[in-house]
Every structure is written in C-alpha cells, then in structure tokens.
Amino acid sequence: MPKAKVTFQDVGVTVTVPAGTRLIEVSEKVGAGITYGCREGECCTCLTRIVSGHEHLAPPSVLEDQVLKDNLAPRHHRLACQAQVLGGEIVVKPA
Amino acid sequence: MPGLVSPDGALELAPGVHWIGALDPTLRSFDIILKTANGTSYNAYCVRGSAGVAVIDTVKESFGDTFFRRLESVADYGEIRAIVLNHLEPDHSGALPELLRRAPGARLYISSRGQMMLKGLLHGDRLAFTPVQTGDGIDLGDRHLRFLKTPYLHWPDTQCTWLEEEGFLFSGDVFGCHFCDARMFNDAVGDFRFSFEYYYAHIMRPFRAHVLEALELIEPLPLKLIAPAHGPILRDAPGRYVARYRELSASGLKNEAADEKTLLVFYLSAYGNTRAMAEAVATGAEAAGGVRVSLYDIEGGEVSPFVDLIEEADGLVFGSPTINGDAVKPVWDLLSSLTAVNVRGKLGAAFGSYGWSGEAVPMVENRLRGLKLRVPMPGVRARLIPTGAELDECRELGRNLALHLTGRMAATTIDMAALA
Ligand SMILES: Cc1cc2nc3c(=O)[nH]c(=O)nc-3n(C[C@H](O)[C@H](O)[C@H](O)COP(=O)(O)O)c2cc1C
Ligand code: FES
Ligand SMILES: [Fe+2]
Ligand SMILES: [Fe+2]
C-alpha cells in the first residue's frame, strides 16, 4: 500500500500513514493541537494549516470548500476531519 | 431623564431609532450557567431611514407579542426592508420566524458564520438571506448600517451593527448584561455594574482573544451610544464600557516571567505518593531550564484563583491518585471549571499513584484532550509508593514537557500502526 508521511509540527511528530488516511485519524493519536467539533466538515473547528505538501491531499469536497470560504480560511488551509492523505510528505499545524 | 418604557410602546433613542425589545423581570437563571437577581431584557431595535426600515434582532419567542406591538407602534411591516440578526441564539432569534411571515418583503442579514445555525433554527422555513462580513452594509437612504464581525462573542456567528450617522453600536451580547430595569438607560437604571462584570466573566472571558480582536474594530468608532442585546442601553460615557472590556481582557498582576514559558504542576495526595511524583515532575522540568515551574497542592487552594493561573499558563500537569476507580473530585472540580477560560492548544499531561486499577491518569488525559489541550506525552502511573525508576519517569515527563514548551523537543517518527 502506498505510504505517506505526515508531520504534526506543533508536537514534533512525524507519522507514516497509508494513503487514504484522514488527518483526524492521526492527529488525535499523537496529541497534536488540532481540535475537533462536529467531525463532519461543518464547524471549521479543525481548521489546519498545511505548511507544505498541500498537493498531497485529496482536493476538498464541495462542502469543505464552502465551509473554508465561509470562514475566510487563508490559502493552504484544510479541515483536518475531511482532508485525506494521498502520499508524499505533508507538514501541518493547527491554524 | 426618560420615563419608564411603556408596556407596549417603543423607546426612542434618536428620531427614527427605537428600542422595541422586551423585559423579562422574573427570570433567575439564564442558559443554565448564569444567574440574575432581577431578570433580563431582550433588546431589539428599529432604525428608520429615508429608503426603508431595518429591524435589528428580535426577542425570545414567548415575548413575541410585546415585541410586535412595540414594532407596530413605530413601523408598518410593509416598510421593513432589512432584518439584521446580530446573533442567532434563541433569546434573540425567537420571534424571527413570525417576523419573516409578517414582513415578507424584508431581507434577512446574518453573519457568514451563522448560515448553518440558521438552517438548524428555521428548518428550511424560509432561507433567503444575505451572509455578511465586516465592512458590508445596508443603505437605508439617509442612514447606513455597517457590520463588524465579532466571532464567539457569544457564538461563532455573533456580529455588531454600526449605525454610522448616529454613532450607535448595536452590539449584540457584547457589552450586555442580565439586568432588568424599565428605566433602560445606564444613567437612569439601578446599579448594574456587577451584572456587567459577571456577564463578561461568564460569556466573554473564555473568548478573550476574540474580545481583543473585536476591540480593535470597536475602539476606533466615534461611539455615541451602545445598544446591547441585554440590559441597559449605554448612552452615558459608552467608551467607558469599551475600556472596561479592554481592562478585563488583560492579565491582572504583571507576570514577571512573561517571556518565559510557564508550567503548572497540580496534584492531590492522601498518603504522599502522588505528591512525590509531582515533586519529581517539577524537578525534571526545572532541570531542563527555560521554563517557570510552579507546584500546587489542589487541596490548599480554591478553584477560581487556580483558573486564573491556568488561563495564563503554557503547560498544565495534573496528578491524582485513583480513588474508587476515578480521579478525585477536587481535580474534576478544577477541570470542569476550565470552560470559563481558553485552554485550547496548551500542553497537558497527567500522572498519579494507584493501588490496583489506576483509572485516574487515562481519565484525566481524556478530559485534557476534551478541553482541546495537546497531550503528546503519555502519563506516568506508579503502583502505591513510587519506585526510584518511576520517579525517574516522572522527572523525564517534566523534562520533556519543558523541552516541548521551549521548542527543544527532538522530532520523532513513528508508524501509524504503532499508534494504538
Ligand atoms: C478510599 C480509597 C479508594 C481507592 N480506590 C482505588 C481504586 O478504585 N483504584 C485504584 O487503582 N486504587 C484505589 N485506591 C488506592 C490509591 O490509589 C493508592 O493508595 C494511591 O497510592 C494513593 O496515592 P496518594 O495517597 O499518594 O495520593 C484507593 C484508595 C482509597 C483510600
Ligand atoms: S471538526 Fe467540524 S469541520 Fe472538522
Ligand atoms: Fe448569546
Ligand atoms: Fe443573548
């Protein structure tokens, strides 16, 4: 299975994950400071800055895109409960 | 000096600008968490411009009749062009569905963050609305309304509405309080200062960072009057209330270690086992340097000053023995009081002595995660009297917390499969 490397900058932990993993599945386990509310892509609590490697995440759904827009999310920000890892190296931190 | 508000009449704030809200003098507790010794008011307002009328906020649903009578005394439903909701909580949106039915020609304006909540309130009843941001406005001809987005004061959707020509700020929950007095204006009502501060402490304080952002938008305004959604209308020296918010959202005593990271170690101990662990955690952190470490026995303090300390700290460690399969109550009392402040993103950890099952540490860790702290280091547990090796683990925990706080933690790489 293709693997990806996700680094949670705020806790200094890098995790090797299988492609298809959502950021939420890993961030909680390593105790990163990304926090969750609805877990369904609506509340924007889990807004996360993609420091590098944003191209290695599956593009946002229509809903995620809308929520990001409504909340005036800056460029290269994603919802950690939605964003799915495709491969390569990705560095993230709480927005 | 104005008289009392009449039972059905509107109260004039300026020609064509009226209070049309409702008084609720018998209410004693609000949203479960707030008390009030004399009720509250749901303040709604009506602004007439040469090109139409705007209604700002409504009231709790059960007070709709009074609100509509007051509204009808100053405007016809056909004249209403705009309905502005500064905040969608039911105490202000309760009469909205009925108002939308009575004024079908009106356009609804809410902050862009309120869209999902509106769906949850109206259930598709009528969802035509304009989402607005700071800087957007409504042209009422000779009068103009402009929006200031003030998220989290009190909900994510909250905003203030500024009436340019008059210098009036319709501020929603901001600068409000639960105080009911038919004399309505701050220079005419009874002493409501404690209510103002109490309201700030419970509603605004958890969002101190957002208060500071909102003040950046509000302080430059040439304010003549603040018209909040609850309590007295602030026409006498409104700037004083803005300044008070500024003071309340700053720290109290100067922090001598302001540029140092701070780590607080809290514990409780019946036989001294958890205390020994706490001392080891503190020693380890201290030895790592660069961090101001403080050690507190929860038994010797009260919740509220501890909450003040925690609000300003960078890292928090909690030690609790396991008693009857749980952490001890004073720990939970403290942890359950942290909703009053913002602890999101602080560094957290737990430790404790136990006899046979040791539930306290994982339970506290879960609570810390629930409070949105970062909990990257697994806690330390010791069976009964901690061994030298267990105390070393505690020192290591303290050291790692200090390294984390000062950005000196070595990066680690792990496989997801290793993360149970
Ligand atoms: C009333 C009582 C109930 C206890 N219940 C538990 C329990 O449910 N599970 C457990 O692991 N230990 C339990 N213990 C054992 C304590 O966790 C253990 O004595 C621990 O070392 C106390 O630490 P401290 O006195 O240094 O704070 C209990 C002890 C007492 C006195
Ligand atoms: S947790 Fe609500 S959007 Fe992700
Ligand atoms: Fe509210
Ligand atoms: Fe309110």
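Student: Would you mind going over the coordination of the iron ion (ligand 4) with me for this structure?
Tutor: Perfect tetrahedral coordination of a metal by four donors corresponds to 109.5 degrees between them, and perfect octahedral coordination by six donors corresponds to 90 or 180 degrees. Residues and elements named next belong to chain B. Coordination of the iron ion (ligand 4) by the protein is provided by D91 (OD), H92 (NE2), D173 (OD) and H230 (NE2), with metal-donor distances spanning 2.1 to 2.3 Å. Mapped onto the polypeptide sequence, the residues donating to the iron ion (ligand 4) form the spacing pattern D-H-x80-D-x56-H. In this model, the iron ion (ligand 4) sits 3.2 Å from the iron ion (ligand 3), the two metals being bridged by D173. With D91 in helix α2 (residues 90-93) and H230 in the loop between β16 (225-228) and α7 (238-248), this residue pair connects regions lying 139 residues apart in the sequence. Accessibility assignment for this pair places D91 and H230 in one class, buried.

Student: Would you take a moment to explain the confidence of the model for chain A for this structure?
Tutor: Detailed conclusions should not be drawn from predicted coordinates in areas where pLDDT is low. On average, residues of chain A score 92 in pLDDT, and 99% of them are at 70 or above. No element of chain A has a lower mean pLDDT than helix α2 (residues 62-70) of chain A, at 90, and none a higher one than strand β4 (residues 77-79) of chain A, at 97.

Student: Can you walk me through the packing of helix α5 (residues 193-204) of chain B against α7 of chain B in this structure?
Tutor: If you want to describe how two helices pack, look at the angle between their axes and the distance between the axes. Residue and element names in this part refer to chain B. Between α5 and α7, the shortest axis-to-axis distance is 11 Å and the interhelical angle comes to 50°. Viewed along their axes, α5 and α7 adopt a mutual orientation that is oblique. Once α5 is placed against α7, the crossing between them reads as right-handed. Of the residues in α7, those in contact with F196, E197, Y200 and M204 of α5 are Y241, R244, Y245 and L248. Partitioning the contact of α5 with α7 into residue classes produces six nonpolar, no polar and two charged.

Student: Can you help me understand the side chain of S249 of chain B in this one?
Tutor: Residue and element names in this part refer to chain B. Inspection of the secondary structure assignment puts S249 in the loop between α7 and β17 (261-267). Of the residues examined, S249 reaches a relative accessible area of 4% and is grouped as buried. Setting aside chain neighbours within four positions, we find S249 in contact with Y200, R208, V211, L212 and L215.

Student: Would you mind going over the coordination of the iron ion (ligand 3) with me for this structure?
Tutor: Residue and element names in this part refer to chain B. The iron ion (ligand 3) binds to the protein through H87 (NE2), E89 (OE), H154 (ND1) and D173 (OD); the donor distances cover 2.0 to 2.3 Å. Considering all four donor atoms around the iron ion (ligand 3), angles at the metal cover 85 to 175° and the coordination shape is irregular. When the donors of the iron ion (ligand 3) are listed by position in the chain, the intervening gaps give H-x1-E-x64-H-x18-D.

Student: Help me out: how do you make sense of the pattern of salt bridges in this one?
Tutor: Pairs can form between side chains of opposite charge whenever their charged atoms are close. Residues and elements named next belong to chain B. Tallied over the full model, the rule gives 23 salt bridges over all chains. A salt bridge links R69 to D8; the nearest nitrogen and oxygen atoms lie 2.6 Å apart. Residue R69 is found in helix α1 (residues 64-72), and its partner D8 is found in the segment before β1 (11-14); the two are separated by 61 residues along the sequence. Salt-bridge contacts for R244 lead to E197; the nearest nitrogen and oxygen are separated by 2.5 Å. Here E197 lies in helix α5 and R244 lies in helix α7, a separation of 47 residues in the sequence. Among the charged side chains, a salt-bridge network with shared partners connects R205, R208, D308, E311 and E312.

What counts, and at which threshold
- Residues numbered from 1 in each chain as written.
- Chains lettered and ligands numbered in written order.
- Predicted model: local features only at pLDDT ≥ 70, side-chain atom pairs only at ≥ 80, totals over all residues.
- Heavy atoms only, no water.
- Donors = N, O, S within 2.8 Å, 3.2 Å for Na, K, Ca; no water.
- Helix = DSSP H or I, 4+ residues; strand = E, 2+ residues; numbered from the N terminus.
- Buried < 20%, exposed > 50% of the residue type's maximum accessible area, 1.4 Å probe, protein only.
- pLDDT = per-residue confidence, 0-100.
- Axes fitted to C-alpha atoms, helices over the stretch in contact; angles between N-to-C directions.
- Parallel < 35°, antiparallel > 145°, perpendicular 65-115°, else oblique.
- Left-handed = near helix turned anticlockwise from the far one by under 90°.
- Contact = heavy atoms within 4.5 Å.
- Nonpolar A, V, L, I, M, F, W, Y, C, P; charged D, E, K, R; others polar.
- Tetrahedral: all angles 85-135°; square planar, octahedral: opposite > 155°, others 65-115°.
- Salt bridge = Lys/Arg side-chain N within 4 Å of Asp/Glu carboxyl O.

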